[in-house]
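Structure assessment
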Amino acid sequence: MAKKNIVILGAGYAGILVAKKLAKKIKKQRIDDVEVTIIDKNPFHTMLTELHEVAACRVDESSIRIDLRKVFQGREVNVVMDTIVDADYDAKRLTGKRGTYSYDYLVMASGCKTTYFGVKGAEEHSFPLWSYGDAVRLRDHIHAMFQGAVSQTDPERRKAMLTFYIIGGGFTGVEMAGELAEYAPVLCQKFGIDREEVRIYTVDALEKIMTVLPDKARDRAMRRLEKMGVQVLLKTNITGVTKDSIEYACGDDTRADATCTVIWAAGTQGSDIAQKSEALGHEPRTRGRVRTDKHLRSVAHPSVYVAGDNIFYIPEGETVSVPQMVENCEHCAPVIAANILDEAGGSQPSREYKPKFHGAMVCIGGRYGTSYGGLPGKFFVQPSFFAMLAKHFINVVYFVQVLGINKALSYITNEFFTIRNKRSFLGGHFSNRGPLFFIVPLRLFLGSFFFYYAYRRFTLGWLDTNILGPYFESLRGVFRPSLFEFELFNQLRFSLFILNDYVHMWFQTTPFSWFVETFVLASESHIMFWQWAIVITTLLVGLALIAGWFTTLASLYVILYSAVYVLSSGLHFANMWLPFAGIAFMVIGGRVLSFDYYFMPWLKKKWKNCPLVRKWYLYID
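The residue numbering used here restarts from 1 in each chain and proceeds along that chain's sequence as written. Given that this is a predicted model, residues contribute local features only at a pLDDT of at least 70 and side-chain atom pairs are listed and counted only at 80 or more, while totals for whole chains, interfaces and linings are drawn from all residues. Only hydrogens and water are removed before side-chain values are computed, so all heavy atoms of the structure are retained for them.

**Points about the sheet that holds strand 6 (residues 84-88)**
- For two strands to count as paired, DSSP must find a minimum of two bridges between them. In this text, helices come from DSSP runs of H or I with a minimum length of four residues, and strands from runs of E with a minimum of two, each type numbered from the N-terminal end. Pairing is antiparallel across the open sheet formed by three strands, whose spatial order is 6-7-8. What marks the edges here is a single partner per strand, and that holds for strand 6 and strand 8 (100-102). This sheet shows a mean twist of 20 degrees between the axes of neighbouring strands, independent of strand direction.
- Sheet topology places strand 6 next to strand 7 (residues 93-96); four bridges connect them, and they run antiparallel. Every axis corresponds to a line fitted to the C-alpha atoms, with the helix fit spanning only the stretch in contact, and the corresponding angles, defined between N-to-C directions, vary from 0 to 180 degrees.

**A few points about the packing of aromatic side chains**
- Here a pair means two rings of Phe, Tyr or Trp (six-membered ring of Trp) with centres within 6.5 Å. Their orientation is stacked below 30 degrees between planes, edge-to-face above 60, and tilted elsewhere. With the rule as written, the count across this model stands at 29 aromatic pairs.
- Taking the centre distance of 5.5 Å and the plane angle of 90 degrees together, the rings of F385 and F386 count as edge-to-face.
- Three exposure classes are used, based on accessible area relative to the maximum for each residue type with a 1.4 Å probe and protein chains only: buried under 20%, partly exposed in between, and exposed over 50%. In this structure F385 comes out as partly exposed when scored by relative accessible area, which is 40%.
- On the numbers, 5.8 Å between centres and 20 degrees between planes, the contact of W549 with F550 is stacked.
- Among the aromatic side chains, those forming a connected cluster through ring pairs are F445, F449, F450, Y453, Y557, Y561 and W577.
- To sit over a ring, a charge needs its Lys NZ or Arg CZ within 6 Å of the ring centre and within 35 degrees of the ring normal. One Lys or Arg, K407, reaches over the ring of F399 and ends 5.8 Å from the middle of that ring.

**Side note on the nonpolar core**
- The term nonpolar core refers to a set of buried residues drawn from Ala, Val, Leu, Ile, Met, Phe, Trp, Tyr and Cys, joined through side-chain atoms within 4.5 Å. Membership of the largest hydrophobic core comes to 115 residues, with the highest contact counts inside it found for F72, L94, V107, I142, F146, M176 and I336.
- Among the elements that line this core, the one with the most residues is helix 7 (residues 171-191), at ten residues.
- Counting 14 residues, the second-largest nonpolar core is a separate cluster that includes V119, A122, V203 and Y248.

**A closer look at the confidence of the model for the protein**
- On a scale of 0 to 100, pLDDT captures the predictor's confidence in every residue. Of the residues in the protein, 91% reach a pLDDT of 70 or more, and the chain-wide mean stands at 88.
- Contacts are assigned to residue pairs that have any heavy atoms within 4.5 Å of one another. Confidence drops under pLDDT 50 across residues 478-501; counting only partners more than four residues distant or on other chains, this segment forms 28 contacts.

**Describing the pairing of strand 16 (residues 245-250)**
- Summarising the sheet, strand 15 (residues 237-242) and strand 16 pair through five bridges and their orientation is antiparallel. The partner of V241 across the bridge, within strand 16, is I246.
- Between strand 15 and strand 16, which pair antiparallel in sequence order, lie two residues.
- Two successive antiparallel strands, strand 16 and strand 17 (residues 253-258), enclose a turn made up of two residues, where G251 displays a positive phi of approximately 70 degrees.

Written out as structure tokens, the structure is:
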């Protein structure tokens, strides 16, 4: 029997999630008569909600790009790079620039593109912000404007180069304005430009920015933009854009201003293929969105499922269609995957689309955000810190779905640990801004400490005398307060009696005690095995830290070593620095003057090429 072809058109948020859901269900249900293909013009998935971060140089461009072949490595999904130019929905066939593709079920997830509303010169002379390429071009252009303004002798030309217009007061426009306002002082300092020379405008035809948010959240955003030096022009229509100027009308007043940078974030419409697909039944005035039934099938062609921004569907009890936002993509993906496989198996679709949305948030630069969300039907305006925390948490969850812990850790690194100029809502407190070679002496000392400990145990007879037996036997009795005594301030003596009691109880009643009794003290041979293991392991950890080889594993051992002592007899106050030193070396300890500097890149390269490792994303780029 011929396999049924499921073709997903578009590898945006919706397309990539539908493909992953299908692959997971096919494997779980052991379906072998279905083939899944995802088609996109790019070989990568782009985080469209993070474009402004790249455009204003807060994060590297690689942070918003995800290789599709990595996403679907080891999964039953064919990845095809092509641009679809035509579709015959009666014949169930797509035509691309590189080939034709037949399908039994099609998922229309082609997304949107920028719309210019017929404004003269806007498409030719403005910078859109709706793709990976858009963000990279805009970033390079902004940098070039500041760099060129330094040596510009014509004051009018210099003024135009340092004037920036962001068209659109929606989420994209406001976020871009916030990022640019945050980035401008960095460039000013770099090139020796007075911040007062830089003019940033946000322009919108409506009376308010971000109309989907309540006044409280919107007012917060307005105050933040004004504080950052952004001038907001409302009830203003753009009438024309040229290479070095912009024209706009505010009521009956028409104005023109010299500028070399017009950033267009005013709106979107369906992709080219969606716009051409009138046969799917476009809804009037929705710019290419397709009306669907409750199962997310096109009303006109039930073999076509519609996902993400292409959906026009009003859920039961609602008065407007589902919004064009990432959460809509996340909600629709499992519904579409389940319904397609129902149909492929000869049944009727079983899942109805009943999304429950949790609000929306906007970040104004890397340090500030506002949001309106919560549980369905119980929304509230969140403070800036929690809004930004929620934003990053949601992104991490999404990355885990798409590329496992690999991409999630990469995202956290880019947003917090390598961020520059304090452009994070946590400031620069977690950023690795200092030289790493200053930690080398501490690493050498810690390694020498464990090397000495191994030597001391050797001289005390740990390799031929039962030491652990009498030691643990003493712990069954009364604890000696001296184990927990330490000196503090002018030789005053304190005893941690409460901690004594707690540790005593832990040893007597917890699995730690069971482990010791069962695996350590079971016999003389068991005891000697563990004594040899402790001496040898301690010696190896010391040598590893001195050499800087497998530093992360060695640091983890230091932490566990300290924990075992605390949970058995207590760690002497003079040695309380040990677990903190181990924590300090967990990530950065082997990055300078060490074998890890050479060895770990080679090991990572070999590790990530293993098929099983790639399939489960058990690597870090």
